[in-house]
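Reading the structure
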Amino acid sequence: NAAKTNFLTNMSHELRTPLNAVIGFSEIISTEMFGAVGQPRYRGFAQDILQSGRHLLDVINDILDIARSEAGKLQINVQPVRVAQIFEECQTIVGEQCAKAGLKLDVVPPPESLEIDADPVKLKQILINLLSNAVKFTAPGGTVTLIASGIEQGGAQLVVADTGIGLR
(Lines give C-alpha, C1' and ligand atoms only; values in the text may rest on other atoms or scores of the structure.)
Protein backbone atom coordinates (compact mmCIF):
# COMPACT_ATOMS: atom_id res chain seq x y z
CA ASN A 1 0.00 0.00 0.00
CA ALA A 2 2.84 2.39 0.82
CA ALA A 3 4.49 1.71 -2.56
CA LYS A 4 1.14 2.21 -4.33
CA THR A 5 0.56 5.48 -2.50
CA ASN A 6 4.05 6.73 -3.37
CA PHE A 7 3.58 5.73 -7.00
CA LEU A 8 0.21 7.49 -7.23
CA THR A 9 1.56 10.60 -5.53
CA ASN A 10 4.55 10.81 -7.88
CA MET A 11 2.45 9.97 -10.93
CA SER A 12 -0.15 12.60 -10.08
CA HIS A 13 2.59 15.23 -9.77
CA GLU A 14 4.12 14.19 -13.09
CA LEU A 15 0.71 14.35 -14.80
CA ARG A 16 -0.48 17.56 -13.16
CA THR A 17 2.45 19.70 -14.28
CA PRO A 18 1.93 19.34 -18.05
CA LEU A 19 -1.83 19.11 -17.61
CA ASN A 20 -1.91 22.51 -15.91
CA ALA A 21 -0.10 23.93 -18.95
CA VAL A 22 -2.65 22.31 -21.30
CA ILE A 23 -5.51 23.71 -19.21
CA GLY A 24 -3.96 27.17 -18.99
CA PHE A 25 -3.11 27.49 -22.67
CA SER A 26 -6.45 26.12 -23.83
CA GLU A 27 -8.20 28.59 -21.54
CA ILE A 28 -6.18 31.46 -23.04
CA ILE A 29 -7.06 30.33 -26.58
CA SER A 30 -10.75 29.61 -25.89
CA THR A 31 -11.27 33.01 -24.24
CA GLU A 32 -9.18 34.70 -26.95
CA MET A 33 -7.23 36.52 -24.25
CA PHE A 34 -4.59 37.75 -26.70
CA GLY A 35 -6.88 38.37 -29.66
CA ALA A 36 -9.21 36.61 -32.03
CA VAL A 37 -8.40 33.02 -32.92
CA GLY A 38 -9.77 33.42 -36.44
CA GLN A 39 -11.75 30.27 -37.03
CA PRO A 40 -14.63 29.69 -34.57
CA ARG A 41 -13.99 25.93 -34.83
CA TYR A 42 -10.53 26.42 -33.31
CA ARG A 43 -12.08 28.21 -30.35
CA GLY A 44 -14.50 25.28 -29.96
CA PHE A 45 -11.60 22.83 -30.10
CA ALA A 46 -9.79 24.83 -27.41
CA GLN A 47 -12.91 24.73 -25.22
CA ASP A 48 -13.11 20.95 -25.70
CA ILE A 49 -9.43 20.60 -24.75
CA LEU A 50 -10.02 22.80 -21.70
CA GLN A 51 -13.04 20.79 -20.57
CA SER A 52 -11.26 17.48 -21.13
CA GLY A 53 -8.17 18.71 -19.33
CA ARG A 54 -10.20 19.80 -16.32
CA HIS A 55 -11.98 16.45 -16.29
CA LEU A 56 -8.66 14.58 -16.41
CA LEU A 57 -7.33 16.74 -13.57
CA ASP A 58 -10.43 15.86 -11.53
CA VAL A 59 -9.82 12.15 -12.21
CA ILE A 60 -6.19 12.48 -11.10
CA ASN A 61 -7.31 14.29 -7.94
CA ASP A 62 -9.87 11.54 -7.24
CA ILE A 63 -7.21 8.85 -7.59
CA LEU A 64 -4.87 10.77 -5.31
CA ASP A 65 -7.67 11.19 -2.75
CA ILE A 66 -8.26 7.42 -2.78
CA ALA A 67 -4.57 6.80 -2.20
CA ARG A 68 -4.51 9.34 0.64
CA SER A 69 -7.63 7.80 2.14
CA GLU A 70 -6.15 4.29 2.06
CA ALA A 71 -2.98 5.62 3.69
CA GLY A 72 -5.00 7.41 6.36
CA LYS A 73 -3.70 10.79 5.16
CA LEU A 74 -6.82 12.24 3.57
CA GLN A 75 -7.46 15.65 5.10
CA ILE A 76 -11.09 16.51 5.73
CA ASN A 77 -12.03 20.06 6.64
CA VAL A 78 -15.40 19.75 8.39
CA GLN A 79 -17.35 22.98 8.78
CA PRO A 80 -20.95 24.16 8.62
CA VAL A 81 -22.10 23.99 5.00
CA ARG A 82 -25.23 25.51 3.47
CA VAL A 83 -26.68 22.73 1.31
CA ALA A 84 -28.35 25.31 -0.97
CA GLN A 85 -24.96 26.80 -1.86
CA ILE A 86 -23.47 23.38 -2.69
CA PHE A 87 -26.52 22.59 -4.85
CA GLU A 88 -26.12 25.89 -6.74
CA GLU A 89 -22.46 25.10 -7.45
CA CYS A 90 -23.31 21.57 -8.59
CA GLN A 91 -26.06 22.91 -10.85
CA THR A 92 -23.63 25.34 -12.47
CA ILE A 93 -21.05 22.62 -13.09
CA VAL A 94 -23.38 19.82 -14.24
CA GLY A 95 -25.98 21.99 -15.99
CA GLU A 96 -23.96 22.35 -19.19
CA GLN A 97 -23.16 18.63 -19.17
CA CYS A 98 -26.90 17.86 -18.98
CA ALA A 99 -27.74 20.33 -21.74
CA LYS A 100 -25.16 18.77 -24.07
CA ALA A 101 -26.55 15.30 -23.31
CA GLY A 102 -30.13 16.43 -23.99
CA LEU A 103 -31.19 15.93 -20.37
CA LYS A 104 -33.25 17.96 -17.94
CA LEU A 105 -31.44 18.82 -14.70
CA ASP A 106 -33.98 19.20 -11.91
CA VAL A 107 -32.37 20.70 -8.81
CA VAL A 108 -34.93 21.07 -6.05
CA PRO A 109 -33.70 23.98 -3.95
CA PRO A 110 -33.35 22.95 -0.31
CA PRO A 111 -34.46 25.32 2.42
CA GLU A 112 -31.93 28.14 2.85
CA SER A 113 -31.63 27.21 6.51
CA LEU A 114 -30.59 23.59 5.78
CA GLU A 115 -27.02 23.33 7.00
CA ILE A 116 -24.83 20.28 7.69
CA ASP A 117 -21.34 19.70 9.04
CA ALA A 118 -19.21 18.48 6.14
CA ASP A 119 -16.12 19.18 4.07
CA PRO A 120 -17.61 21.45 1.37
CA VAL A 121 -15.02 20.49 -1.26
CA LYS A 122 -15.46 16.75 -0.70
CA LEU A 123 -19.25 17.03 -0.51
CA LYS A 124 -19.37 18.91 -3.80
CA GLN A 125 -16.97 16.39 -5.33
CA ILE A 126 -19.17 13.47 -4.23
CA LEU A 127 -22.33 15.07 -5.61
CA ILE A 128 -20.69 16.03 -8.91
CA ASN A 129 -19.36 12.49 -9.33
CA LEU A 130 -22.83 11.05 -8.71
CA LEU A 131 -24.47 13.60 -11.00
CA SER A 132 -21.90 12.98 -13.75
CA ASN A 133 -22.55 9.25 -13.57
CA ALA A 134 -26.28 9.91 -13.76
CA VAL A 135 -25.73 12.02 -16.88
CA LYS A 136 -23.52 9.37 -18.43
CA PHE A 137 -26.10 6.60 -18.00
CA THR A 138 -29.29 8.52 -18.82
CA ALA A 139 -30.61 8.60 -22.39
CA PRO A 140 -31.43 11.92 -24.10
CA GLY A 141 -34.79 13.25 -23.00
CA GLY A 142 -34.29 11.88 -19.48
CA THR A 143 -34.02 13.71 -16.18
CA VAL A 144 -31.33 13.96 -13.53
CA THR A 145 -32.57 15.16 -10.14
CA LEU A 146 -30.79 16.57 -7.09
CA ILE A 147 -32.85 16.99 -3.94
CA ALA A 148 -32.26 17.40 -0.21
CA SER A 149 -34.37 17.23 2.88
CA GLY A 150 -33.67 17.67 6.55
CA ILE A 151 -33.87 14.62 8.79
CA GLU A 152 -34.05 14.09 12.51
CA GLN A 153 -30.98 14.80 14.66
CA GLY A 154 -30.01 17.75 12.43
CA GLY A 155 -28.72 15.85 9.40
CA ALA A 156 -29.83 15.89 5.81
CA GLN A 157 -30.68 13.39 3.13
CA LEU A 158 -29.14 14.27 -0.23
CA VAL A 159 -30.49 12.35 -3.22
CA VAL A 160 -29.21 12.08 -6.79
CA ALA A 161 -31.78 10.32 -8.97
CA ASP A 162 -32.09 9.77 -12.69
CA THR A 163 -34.27 8.11 -15.30
CA GLY A 164 -31.29 6.15 -16.66
CA ILE A 165 -30.50 2.45 -16.70
CA GLY A 166 -30.08 2.30 -12.94
CA LEU A 167 -28.03 0.11 -10.67
CA ARG A 168 -28.83 -3.32 -9.39
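Residues numbered from 1 in each chain as written. Predicted model: local features only at pLDDT ≥ 70, side-chain atom pairs only at ≥ 80, totals over all residues. Heavy atoms only, no water.

**With respect to a nonpolar patch on the surface**
- Nonpolar side chains collect at one region of the surface, where Phe7, Met11 and Leu15 lie side by side and expose about 280 Å² of accessible area between them.
- Within the secondary structure, Phe7 sits in helix H1 (residues 2-30). (Patch = residues over 30% accessible without salt bridge, like charges linked within 9 Å, V, L, I, M, F, W, Y side chains within 5 Å. Areas by Shrake-Rupley, 256 points an atom, 1.4 Å probe, with all protein chains shown as cover. Salt bridge = Lys/Arg side-chain N within 4 Å of Asp/Glu carboxyl O. Helix = DSSP H or I, 4+ residues; strand = E, 2+ residues; numbered from the N terminus.)

**Side note on the confidence of the model for the chain**
- Summarising the model, the chain shows a mean pLDDT of 88, and 99% of its residues fall at 70 or more.
- Mean pLDDT values over the elements of the chain span from 84, in helix H2 (residues 40-70), up to 96, in strand S2 (residues 104-107). (pLDDT = per-residue confidence, 0-100.)

**Notes on the environment of Thr31**
- Within the secondary structure, Thr31 sits in the loop between H1 and H2.
- Separated by 15 residues in the primary sequence, Thr31 and Ala46 have C-alpha atoms spaced 8.9 Å apart.
- Among the polar contacts made by the side chain of Thr31, one reaches the main-chain carbonyl oxygen of Glu27 at a distance of 2.8 Å. (Polar contact = N/O pair within 3.5 Å; in protein donor to acceptor, adjacent residues only side chain to side chain.)

**Observations concerning the nonpolar core**
- Counting residues in each nonpolar core, the largest one holds 22 residues, and the members touching the most others are Phe87, Cys90, Cys98, Leu123, Leu127, Val144 and Leu146.
- The residues contacting Val144, other than those within four sequence positions of it, are Cys98, Leu103, Lys104, Leu105, Asp106, Leu131, Ala134, Val135, Thr138, Ala161 and Asp162.
- Of all hydrophobic cores here, the second largest spans 5 residues; its members include Leu19, Leu50, Leu57 and Ile60. (Core = buried A, V, L, I, M, F, W, Y, C linked by side-chain atoms within 4.5 Å. Buried < 20%, exposed > 50% of the residue type's maximum accessible area, 1.4 Å probe, protein only. Contact = heavy atoms within 4.5 Å.)

**Focus on the sheet that holds S2**
- Across the sheet, which stays open at both edges, the 3 strands sit in the order S2-S4-S5 with mixed pairing between neighbours. The open sheet is flanked by S2 and strand S5 (156-162), the only strands paired with a single partner. Direction aside, neighbouring strands of the sheet carry axes that sit 10° apart on average.
- Summarising the sheet, strand S4 (residues 143-150) and S5 pair through 7 bridges and their orientation is antiparallel. What sits directly across from Ile147, in S5, is Val159.
- In the packing of helix H4 (residues 120-136) onto the sheet, the strands contacted are S4 and S5, and the crossing angle to S5 comes to about 20°. (Pairing = 2+ DSSP bridges. Axes fitted to C-alpha atoms, helices over the stretch in contact; angles between N-to-C directions.)

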